Amino acid sequence: MGKRAEIIRNNWFMLGYVFRVVPRYAVVHLFMQALFGLFDVMWGILLIKLVVDAVTISQSFTPVLLAAGGYLLYGSLIQIAAGYVYEIFAPIQLQKLDKAMQEELFVKAIKMDYSRYHNPEFFNQFVWAASQTEGKAAAVLDHAAALLKNIITVSGILTALLVLNPLGVVVVLVGMAARFIITVYSNKVRFRSELESKPLERKKSYISRVFYLPDYAKELRTSRIAAPLMDDYGDANGAMQQVVRKYSPRIIVLQVLNNYVFRVLLMDGVYFAYTAYQVIVLHTISYGTFAAVTNGVWTMGWSLNNLIDSVTAFQKNNLYIRKLRGFLEEEPQMADSSHPAVMPESPKEIKLSNVSFTYENSGKPTLVDINMTIRPKEKIAIVGYNGAGKSTLIKLLLRLYDVTEGEIVYDSKNIKAYRAEDYRAQFGVAFQDFQLFAASLAENVWMDQVAEGDRELNARVVQALHKADFGERLSRLNRGLQTELTREFSDEGQIFSGGEAQKIAIARAFVRPCSVLILDEPSSALDPISEYNLNRAMLEAAGDKTVIFISHRLSTTRLADRIYMMEHGKIIESGSHDELMRLNGSYAHLFQLQAGRYQTA
Ligand SMILES: Nc1ncnc2c1ncn2[C@@H]1O[C@H](COP(=O)(O)OP(=O)(O)OP(=O)(O)O)[C@@H](O)[C@H]1O
């Protein structure tokens, strides 16, 4: 598809979206701008001619009075209407538009394959565009409205000039064509300059973020990392100055040609002198026509600028809309089967047969030939060194990724046979890298809306928090379950310690009825004794659920029915704690190392 066709198609797509969501606003906005365009033509040319001719030729006051009255009436009505449309009607409609678009994108984002978020190209291209949509659809309508207004003004003035002073039209058309070509070329130059500055801007923006975001504040204060970062900032800044030096001379020349040579000199100067000559020496046009056409050409000067601006704006919109559509048109690879299997209600066997997995963009498999059978209600521990593949295994179990080879079977069916949503609902999960959200404590545990008056649900949340050893802390919170988390929206938002936050995340795993509990290093922020107590409490609380937990602290793994020891993406040992100790392999070695540390501590 040609570039121009793509620009039109993409802007049309966005305009269509606006018309679907806020049709009344779209029509009213276009109509208002058309009225403004007409206003410029009628009063910028016709009124002037009428008045000046009335004064200099007919010497009649009536046309002047009529023109002034008409001007006042049209002007006042259009301003009152604009006040209502743009101050009252538009803000509400624009909110509606934003909400519709964001909701569509939120739903799409959740359905998007999890793996896509770890593909940097996809993330930069599409996810970023989708997260920046605010106001973008409205902007396309604004540009369309501006285009309509300026087309009306320019074509109206051209028609008037053609009738009043056809020779002058030649001058104007030459000027317009030249200015149009120059603008298109200078846009290209600007685009190249932007393209070269973009990576530098990204680098600068990253470094600024590092200095202001709380996530980096500790390291910045306790290390000398600021020095190389500031150096990098300086380098990026220097490189941006080079870009400016490289492109500015060309841009200045083009601007002089555009604004001075073709606009001031040709369209304003030469044309002005020529029409003055027509009126004073040749007497071929009236004073009224002189005033009207010179003013018309002047009005056309800035209308043309606006017209070119709106064409440029459509080009810019296109870059953005292309990415947005890329995001919207992305189909999840993990599509649900059209005849999904029915999910069993009680815990069932999970079996991994010859499972291997390689991350996209990674040449090496992270998991190799994993075989595992987890019987209902078993308590399973997965242990191993950093990077062994434990969390990846959990992600496969949750079907955040699909296996590259082999299969995972739940209740004798490949997990792909179930609807992903139903399948994942079987699991209560506490992630290693959990997030707390800017919502109430209750909502952070239930992970959905919780009405303050819903006593049953609130009681369940309290029970889950108790199971996660958060009960005592809860009793010290003034607003209890209604406590707002994070300072994102409220200065009174509660900040919890790492361990406390982790307990809230653990409570999530307990709060819903589910068959399998997955706890990925659920207590890494806790001291070893609290961790042991918490794990014991958790295993007891888990009751008749299957439990799979990852832990680096081997004291807790004694409680498991079976332990899998992983290394470099493979299971190297499996069995109960006693069996593995008797085996005297890697697990036993690791266990003794840790036990020794606690004894000497
Ligand atoms: N999204 C990803 N893309 C590419 N490689 C990844 C991705 N996530 C993890 N890896 C790689 O996979 C390997 C296993 O990571 P994983 O997080 O599963 O290990 P782990 O055993 O849970 O480690 P830890 O104990 O440190 O949490 C690591 O080498 C890691 O770099």
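What you see is a predicted model; the values in this text were computed from it and never measured. (Residues numbered from 1 in each chain as written. Predicted model: local features only at pLDDT ≥ 70, side-chain atom pairs only at ≥ 80, totals over all residues. Heavy atoms only, no water.)

What about the side chain of Thr546?
Going by this rule: Labels follow the DSSP assignment, with helices taken as runs of H or I lasting at least four residues and strands as runs of E lasting at least two, numbered in each case from the N terminus. For this analysis, a polar contact is any N or O atom pair within 3.5 Å, provided that within protein one partner can donate a hydrogen and the other can accept it, and provided that sequence-adjacent residues contribute only side-chain to side-chain pairs. Whether two residues touch is decided by their heavy atoms; if any such pair falls within 4.5 Å, the residues are in contact.
Structurally, Thr546 is set in strand S8 (residues 546–550). A distance of 2.9 Å separates a polar atom in the side chain of Thr546 from the backbone nitrogen of Lys377. Apart from the residues within four sequence positions on either side, Thr546 is in contact with Pro347, Ile374, Arg375, Pro376, Lys377, Glu378, Ser515, Val516 and Leu517.

Points about the domain arrangement of the chain
As a reminder of what qualifies: These domain limits were set by an automatic method or by a database of domain assignments.
One can read the domain layout of the chain as domain 1 (1–164 + 288–328), domain 2 (166–284), domain 3 (350–436 + 517–600) and domain 4 (440–495). Taken over C-alpha atoms, the centre of domain 2 sits 53 Å from the centre of domain 4.

What to know about unusual backbone geometry
Generally, phi is negative for residues other than glycine and the peptide bonds are trans, each holding for most cases. In plain terms, the rule: Each residue's exposure class comes from its accessible area (1.4 Å probe, protein chains only) as a fraction of the maximum for that residue type: buried when under 20%, exposed when over 50%, partly exposed otherwise.
For Asp369, which is not glycine, the phi dihedral falls at a positive 50 degrees. The residue Asp369 is located in strand S2 (residues 367–374) in this model. Assessed through its relative accessible area of 43%, Asp369 is described here as partly exposed. Positioned with a positive phi, Asp411 is a non-glycine residue whose angle comes to about 50 degrees. Take Asp411: its relative accessible area is 26%, and that puts it in the partly exposed class.

Here we look at the nonpolar core
Put simply, the rule reads: Residues belong to one nonpolar core when they are buried, are Ala, Val, Leu, Ile, Met, Phe, Trp, Tyr or Cys, and are joined through side-chain atoms within 4.5 Å.
Ranked by internal contacts, the top residues of the largest apolar core, which has 42 residues, are Leu441, Val445, Val461, Leu465, Phe470 and Tyr587. Per-element accounting of this core gives the leading share, six residues, to helix H15 (residues 498–511). Residues from two domains meet in this core; each of domain 3 (350–436 + 517–600) and domain 4 (440–495) gives at least three. Look past the residues within four positions of Tyr587 in its chain and what remains in contact with it is Val383, Leu554, Thr557, Ile563, Met565, Glu573, His577, Leu580 and Met581. Counting 34 residues, the second-largest nonpolar core is a separate cluster that includes Ile350, Leu400, Ile415 and Tyr564.

As for the packing of helix H1 (residues 3–21) against helix H3 (residues 62–111)
Put simply, the rule reads: Here, axes are lines fitted to C-alpha atoms. For helices the fit covers the stretch in contact, and angles between N-to-C directions go from 0 to 180 degrees. Oblique is the label for every angle not falling under 35 degrees (roughly parallel), over 145 degrees (roughly antiparallel), or within 65 to 115 degrees (roughly perpendicular). Less than a right angle of anticlockwise turn of the near helix away from the far helix marks a crossing as left-handed, whereas a clockwise turn marks it as right-handed. Residue classes follow a fixed rule: Ala, Val, Leu, Ile, Met, Phe, Trp, Tyr, Cys and Pro count as nonpolar, while Asp, Glu, Lys and Arg count as charged, and any other residue, Gly among them, counts as polar.
Axis separation between H1 and H3 bottoms out at 10 Å; the angle between their running directions is 115 degrees. The pairing of H1 with H3 is recorded here as roughly perpendicular in orientation. Crossing of H1 against H3: the hand is right-handed. On H3, the residues touching Met14, Tyr17, Val18 and Val21 of H1 are Lys96, Leu97, Ala100, Met101 and Glu104. When the residues that make up the contact of H1 with H3 are grouped by side-chain class, the tally is seven nonpolar, no polar and two charged.

Brief notes about the sheet that holds S8
Sheet strands pair via backbone hydrogen bonds, and the direction of the pair is either parallel or antiparallel. Going by this rule: The pairing criterion is simple: DSSP has to find at least two bridges between the two strands.
Pairing is mixed in the open sheet, where six strands are placed in the order S6-S7-S8-S3-S9-S10. Looking at strand neighbours, the two that pair on one side only are strand S6 (427–430) and strand S10 (570–575), the edges of this open sheet. Averaged over all pairs of adjacent strands, the angle between strand axes in this sheet comes to 15 degrees, irrespective of strand direction. Where S6 and strand S7 (residues 516–520) come together, four bridges link them in parallel fashion. Of the residues in S7, the one forming a bridge with Val429 is Ile518. Lying over the sheet, H15 contacts S6 and S7, oriented at roughly 175 degrees with respect to S6.

Looking at the site of the ligand
Our working definition: It suffices for a single heavy atom of a residue to lie within 4 Å of a molecule or strand for the residue to be listed as near it. To measure how exposed things are, a 1.4 Å probe is used in the Shrake-Rupley method; for residues, cover is taken only from the protein chains shown.
Close to the ligand lie 15 residues, the nearest being Gly387, Gly389, Lys390, Ser391 and Thr392. Here an oxygen atom of the ligand sits 2.8 Å away from a polar atom, N or O, in the side chain of Ser391. Contact with the protein chains covers 66% of the free accessible surface of the ligand, which is 640 Å². For the shell around the ligand, a count of residues per class yields four nonpolar, nine polar and two charged.

Overview of the side chain of Thr294
Considering the arrangement of structural elements, one finds Thr294 in helix H9 (residues 287–329). Within the structure, the side chain of Thr294 is placed 3.1 Å from the backbone oxygen of Ala291, a separation counted as a polar contact. In contact with Thr294, other than residues within four places in its own chain, are Phe272 and Thr275.

Quick notes on the pattern of salt bridges
Note the cut-off: The salt bridge criterion pairs a side-chain nitrogen of Lys or Arg with a carboxyl oxygen of Asp or Glu, the two atoms within 4 Å.
Evaluated as defined, the whole model comprises 14 salt bridges. Salt-bridge contacts for Arg562 lead to Glu378; the nearest nitrogen and oxygen are separated by 2.9 Å. Taken together, the residues Arg562 in strand S9 (residues 562–567) and Glu378 in the loop between S2 and strand S3 (379–384) connect sequence positions 184 residues apart.

Brief notes about the sheet that holds strand S5 (residues 413–414)
One open sheet holds the four strands; their spatial order is S2-S1-S4-S5, and the pairing between them is antiparallel. The open sheet terminates on both sides in strands that have one partner only, identified here as S2 and S5. For strand S4 (residues 405–410) and S5, the ladder comprises two bridges, and the chain directions are antiparallel. For Tyr410, the partnering residue across the bridge sits in S5 and is Lys413. Packed on one face of the sheet, helix H10 (residues 390–397) meets strand S1 (350–357), S2 and S4 and runs near 120 degrees to S1.

As for the packing of aromatic side chains
Keep this limit in mind: For Phe, Tyr and Trp, where Trp contributes only its six-membered ring, two rings pair if their centres lie within 6.5 Å, and the inter-plane angle classes them as stacked under 30 degrees, edge-to-face over 60, or tilted in between. Both a distance and an angle decide whether a charge sits over a ring: NZ of Lys or CZ of Arg must be within 6 Å of the ring centre and within 35 degrees of the ring normal.
As enumerated under the stated definition, the model contains 18 aromatic pairs in all. Linked through ring pairs, Phe39, Trp43, Tyr71 and Tyr74 together constitute an aromatic cluster. The ring centre of Tyr320 lies 4.9 Å from the NZ or CZ of Lys136, which sits over that ring. For Arg512, the ring lying beneath its charged end belongs to Trp446, and the centroid distance is 3.9 Å.

So, the pairing of S10
Where S9 and S10 come together, five bridges link them in antiparallel fashion. Paired with Tyr564 across the bridge in S10 is Ser574. The turn linking S9 back onto S10 is made up of two residues, and His568 within it adopts a positive phi angle of 45 degrees.

Considerations on the environment of Leu436
With respect to the secondary-structure elements, Leu436 resides in the loop between S6 and helix H12 (441–446). Taking the relative accessible area as the measure of exposure, Leu436 reaches 23% and is therefore partly exposed. Once you skip the residues sitting within four places of it in the chain, Leu436 turns out to touch Asn444, Leu485, Thr486, Ala501, Ile504 and Arg508.

Some remarks on the UniProt feature "transmembrane region" (unreviewed entry) in the chain
Short version of the rule: UniProt positions are given in the numbering used here, feature names are shortened, and annotations may be inferred rather than shown by experiment.
Mapped onto this numbering, the UniProt entry gives "transmembrane region" (unreviewed entry) at residues 12–28, 34–52, 64–86 and 157–182. The span residues 34–52 is 100% helical and 0% strand by assignment, and the distance between its end C-alpha atoms comes to 26 Å. Here residues 64–86 is 100% helix and 0% strand, with 32 Å between the C-alpha atoms at its ends.

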